[in-house]
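# A closer look at the structure
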Amino acid sequence: MNNILPRGSRYLTTCALVMSLLLSFLLSASAQAISDRAVTPQVQAQLVASVAAVQPGAEIYLGVNQQIIPHWHTYWVNPGDSGNATSIAWTLPEGATASDIIWPAPSRFSMGPITNYAYENTVTLLSKITVPANLQVGDSFTAIALVDWLVCKEECIPQQVELGLSLPVVANAAETGAGSAYIQDALARLPIASPWPVRAVQTAINPDTAEGRLHLQVDFSAAGTPVQDQLAQIKDVWFYPYDWGRIAQSAQQVRADLAEGVQLTIPTGEAPLALGDSLRGVLVIEEQQGIARGYEIHAPITAAAPDNNPAKSSFGFLTALLFALLGGVILNLMPCVFPVLSIKALSLVSHAHYSARDIRRQGYVYTLGVMVSFALLALLLLLLKAGGNQIGWGFQFQSPIFVLLIAWLLFSVGLSLSGVFFIGGSVAGVGSSLTEKPGYSGSFFTGVLATLVATPCTAPFMAAALGYALVQPPVQLLAIFLSLGLGLALPYLLLSCWPRLQRWLPRPGMWMERAKQLLAFPMYAAVIWLVWVLVQQTGASGVIVALGGCLLIALAAWLYDSTRTSSNKQRHLGTGIALLLILLAIAGGVNQLDTSERSTQTTAADDNWEVYSDTRLQQLLAEGKPVFLNFTASWCISCLVNERVALSTQTVKDTFQQQGIIYLKGDWTNKDPQITAFLKKFNRSGVPLYVFYAAGNAANPEELPQILTPDIVVAAVTGQ
């Protein structure tokens, strides 16, 4: 070929070959040169070292620093309910070793029912590296890290980068120099060994279920500083387990300040520890100044549970069923339910000409209406709980729209009882007016109505049963709710099935029409109360919405009844306009309340009480002051009665003042997660709840009955 090609061509060919070889070498060298930095759209990563040069046989720290853009996060070793922990795969010179990642204390991030343990803004994940002893001075120590992480906001993105760092080898430690400031910051964030004794106790709520509670007690008394001074410095405490499933990540960790320190009560997770196993994790304590410190916890699980209320753990399923039944029976005497029961009893008098079999069927169908309503209510609670909502008994009355619709329903019942409009021949309530037959469908819907108006009330025995029910599996929760419904329906069921009881009822007569009209007034009174509740939730605009709707409903009722006996055309026209007016009231009311601002929490009407907050409670308990807690709601009739007949009396006010008792009131009219969490601490699903903390005795609060008198309150707070 050399003989064929001209000399110039041979020269060019040779140059091209040399350049090709040189370019290949440069590209190969470039491919092997790995940078200590890498950037993705969400994370800027850098490989950093604790020294500028290494000494043979020394131990150093290498760290992967992540600079994360706002609102995004990467994950801790236990990511929580979702996510993946960051991993680092090291490529090191022969003879070098690397430890697992040394994790700084994390933070928690919640989105609905999901809670994750993660890092935001900036974090440096450290590994301790042992440098080979056979390195020669003048050589380089090269470390390559293949780093995988998951970075999340609403969406999650898996990312991988490769980082490399070369450090010169020097003869002695004096020549290693200063490393990256990120390493020092990371070392400062590492959890330290707990300076206090820690006790971990795990107990089962119910021996028949796997659900339990982890009680984590930290003994501050061993630190030398007065316990109350230490507690006063704490703003927040949270435990992060190293292993997934030890606790329910998304559950509230309930803090209780004790005489010797602090206790966290946490529901166990899907992989709880057994007796004797060691609980490992990080306890993060945030001080009032905003400084958060992490403490490593290694505590064996013990058997005996520290429980401020031993009755909670001994409360069984059969007891809950009995309490629910008794509570349902007593519920009939509450002012929100008694008018409906009276109307139903009146229907038995009007049906005296029916056979005993028909009357029994009335009772069965009424009971069915109650039971179906309670079953649907239980299913709704289960669905809301599955969605991560913290709810309790009477939760629907926290919705202004529900309160408005119930007010209008009771107003319609009152108009029917007053004779403004008439559908059918039964007087068994608004439901029974749906048919002219023996009132079976009417009895069913009267049972539904009784359930609806019963939900803002709480009777004795109910609170313990419902508190137990809401932490049980679905089947047991449903059974307890059905037992409560059976108790509510039981008086009328017995009356309809027991002829001897029916003999006590008066004979039919004209007095029945007057009695029916008289029973309309409790319905109107209930409407007034519900409108007042609506005002507490939405402000003054709720009055216009509610009363405007009542006007349209009254007009619709009058139009319907006025045209009921007219020609078909007029009757259809009147019915159509009446329906249109009702739809207009509902659509306008719902739209107006949906866009109106909810009112803020009720403020103190006088100097007798303060608005409850967990911060204020913990401050008072830390100061050793006596505290009386009242958890109430505007829609809770039992709460309002107790405040009127007991808590607002001058005797109780004077006693509180003489004893130096701080009275805190928590208003649950609208949803308040802080109050919900406190109620769960006492196994309560709703209000009222009354708790008294004696001076200097934060560990053993006294729970008062649900029905109060001045004497009960005074005796509880004075210890007499």
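Residue numbers here run from 1 along each chain, matching the order of that chain's written sequence. The model is predicted, so local features are restricted to residues of pLDDT at least 70 and side-chain atom pairs to those at 80 or more, both for listing and for counting; the totals for chains, interfaces and linings are taken over all residues. Remark: hydrogens and water are excluded; side-chain values derive from all non-hydrogen atoms of the structure.

Before going further, it helps to spend a moment on the overall build of the protein. Helix and strand assignments follow DSSP, with helices taken as H or I runs no shorter than four residues and strands as E runs no shorter than two, numbered in order from the N terminus. A count of helical and extended segments in the protein gives 21 helices and 24 strands. In this scheme, a residue with accessible area under 20% of its type's maximum is buried, one over 50% is exposed, and one in between is partly exposed, where area comes from a 1.4 Å probe on protein chains only. Every one of the 720 residues in the protein was classed for burial, and the buried ones make up 47%. Contacts are residue-level and defined by heavy atoms, with any inter-residue pair within 4.5 Å sufficient. Intrachain contacts of the protein at a sequence separation of at least 6 include 74% that bridge at least 24 residues. About 33,700 Å² of surface is accessible on the protein, with carbon and sulfur atoms providing 60% of the total. A 1.4 Å probe and the Shrake-Rupley method give the accessible areas. Residues count as covered only by the protein chains that appear here.

Below, the discussion takes up the packing of helix α19 (residues 650–659) against helix α21 (residues 710–718). Taken N-terminus to C-terminus, the directions of α19 and α21 make an angle of 10 degrees; their axes are 9 Å apart at the nearest point. Relative to α21, α19 is oriented roughly parallel. Contacts from Thr651, Val652, Thr655, Phe656 and Gln659 in α19 reach Pro710, Val713, Val714, Val717 and Thr718 in α21. Think of it as three bins: nonpolar holds Ala, Val, Leu, Ile, Met, Phe, Trp, Tyr, Cys and Pro, charged holds Asp, Glu, Lys and Arg, and polar takes everything else, Gly as well. Counted by class, the contact of α19 with α21 contains 6 nonpolar, 4 polar and no charged residues. Axis definition: a line fit to C-alpha positions, over the contact stretch in the case of helices; interaxial angles, taken between N-to-C directions, run 0 to 180 degrees. Every angle not falling under 35 degrees, over 145, or within 65 to 115 is termed oblique; those three ranges are roughly parallel, roughly antiparallel and roughly perpendicular.

If you walk across this open sheet you meet the 5 strands as β1-β2-β3-β9-β6, and the pairing is antiparallel. One side of each edge strand has no neighbouring strand; the edge strands of this open sheet are β1 (37–39) and β6 (97–98). Across the face of the sheet, helix α2 (residues 181–189) comes into contact with β2 (43–49), β3 (59–68) and β9 (122–130) while running at roughly 95 degrees to β9. The pairing criterion for strands is at least two bridges between them, as found by DSSP.

Moving on, we come to the packing of helix α5 (residues 317–331) against helix α11 (residues 474–497). At a minimum axis separation of 6 Å, α5 and α11 run at an interaxial angle of 30 degrees. Between α5 and α11, the angle is such that the two are roughly parallel. In this structure, α5 meets α11 at a crossing whose hand is right-handed. For the pair α5 and α11, the contacting residues are Phe317, Ala320, Leu321, Ala324, Leu325, Gly327, Gly328, Val329 and Leu331 in the first and Gln476, Ala479, Ile480, Ser483, Leu484, Leu486, Gly487, Leu488 and Leu490 in the second. Of the residues assigned to the contact of α5 with α11, the class counts are 13 nonpolar, 5 polar and no charged. The hand of a helix crossing depends on one turn: near helix anticlockwise from the far one by less than a right angle means left-handed, and clockwise means right-handed.

Pairs of cysteine sulfur atoms within 2.5 Å are what we label disulfides. Scanning the entire structure with this criterion turns up 1 disulfide. Each sulfur of the disulfide joining cysteine 152 and cysteine 156 lies 2.0 Å from the other. Handedness here is read from the sign of the S-S torsion; for cysteine 152 and cysteine 156, about 120 degrees, the answer is right-handed.

Any residue with relative accessible area above 30% and no salt bridge may belong to a patch, with like charges joined within 9 Å and the nonpolar Val, Leu, Ile, Met, Phe, Trp and Tyr side chains within 5 Å. A pair is scored as a salt bridge if a Lys or Arg side-chain nitrogen falls within 4 Å of a carboxyl oxygen belonging to Asp or Glu. A cluster of nonpolar side chains, namely Leu368, Val372, Leu376 and Leu379, defines an oily patch on the protein surface of about 340 Å² accessible area. Judged by relative accessible area, leucine 368 falls into the partly exposed class, the value being 46%.

Any residue range with low pLDDT should be treated as having predicted coordinates unsuitable for detailed reading. Here the protein averages 77 in pLDDT, and 75% of its residues register 70 or above. On a scale of 0 to 100, pLDDT captures the predictor's confidence in every residue. Here helix α4 (residues 310–314) is the element of the protein with the lowest mean pLDDT, 39, and β2 is the one with the highest, 96. Below pLDDT 50 for its whole length, residues 1–32 participates in 2 contacts with residues either more than four positions away or in separate chains. Confidence drops under a pLDDT of 50 for residues 595–606, and excluding neighbours within four residues, the segment shows 30 contacts in the predicted structure.

Attention now goes to helix α20 (residues 673–681). Looking only at α20, the buried set comprises Ile675, Thr676, Ala677, Phe678 and Leu679. Residues of α20 that are buried sit in contact with α17 (614–622), β21 (627–632), β22 (662–667) and β23 (689–693). In the stretch just after α20, asparagine 683 is the one whose phi turns positive, near 55 degrees.

The next point concerns the packing of aromatic side chains. A pair of aromatic rings is counted whenever rings of Phe, Tyr or Trp (Trp by its six-membered ring) have centres within 6.5 Å, and the orientation is called stacked for planes under 30 degrees apart, edge-to-face for over 60 and tilted otherwise. Under the definition given, this model contains 14 aromatic pairs. Summarising the aromatic geometry, the rings of tyrosine 612 and phenylalanine 631 are spaced 5.0 Å apart at their centres and angled 75 degrees between planes, so their arrangement reads as edge-to-face. Within this pair, whereas tyrosine 612 is found in the loop between β20 (610–611) and α17, its partner phenylalanine 631 is found in strand β21, the two being separated by 19 residues in sequence. Taken individually, tyrosine 612 and phenylalanine 631 each receive the classification buried, so the pair is uniform in this respect. With a centroid separation of 4.9 Å and 35 degrees between ring planes, the pair formed by phenylalanine 631 and phenylalanine 678 is classed as tilted. You can see phenylalanine 631 sitting in strand β21 and its partner phenylalanine 678 sitting in helix α20, a full 47 residues away along the chain. Accessibility classification places phenylalanine 631 together with phenylalanine 678 in one group, the buried group. Through a chain of ring-to-ring contacts, the aromatic side chains of Trp76, Tyr117, Tyr240 and Tyr242 assemble into a single cluster. A ring is considered to have a charge above it if a Lys NZ or an Arg CZ atom is located within 6 Å of its centre and within 35 degrees of its normal. Here the guanidinium or amino end of lysine 665 rests over the ring plane of tryptophan 609, the centre of that ring lying 4.1 Å away.

Before going further, it helps to examine the sheet that holds strand β24 (residues 702–703). Strands sit in the order β20-β22-β21-β23-β24 across an open sheet of 5 strands; the sheet is mixed. In this open sheet, the two strands that pair with only one neighbour each are β20 and β24. Two strands pair when backbone bridges link them, and β20 and β22 are joined in this way by 2 bridges, in the parallel orientation. Each bridged residue has a counterpart across the sheet, and for valine 611 the counterpart in β22 is lysine 665.

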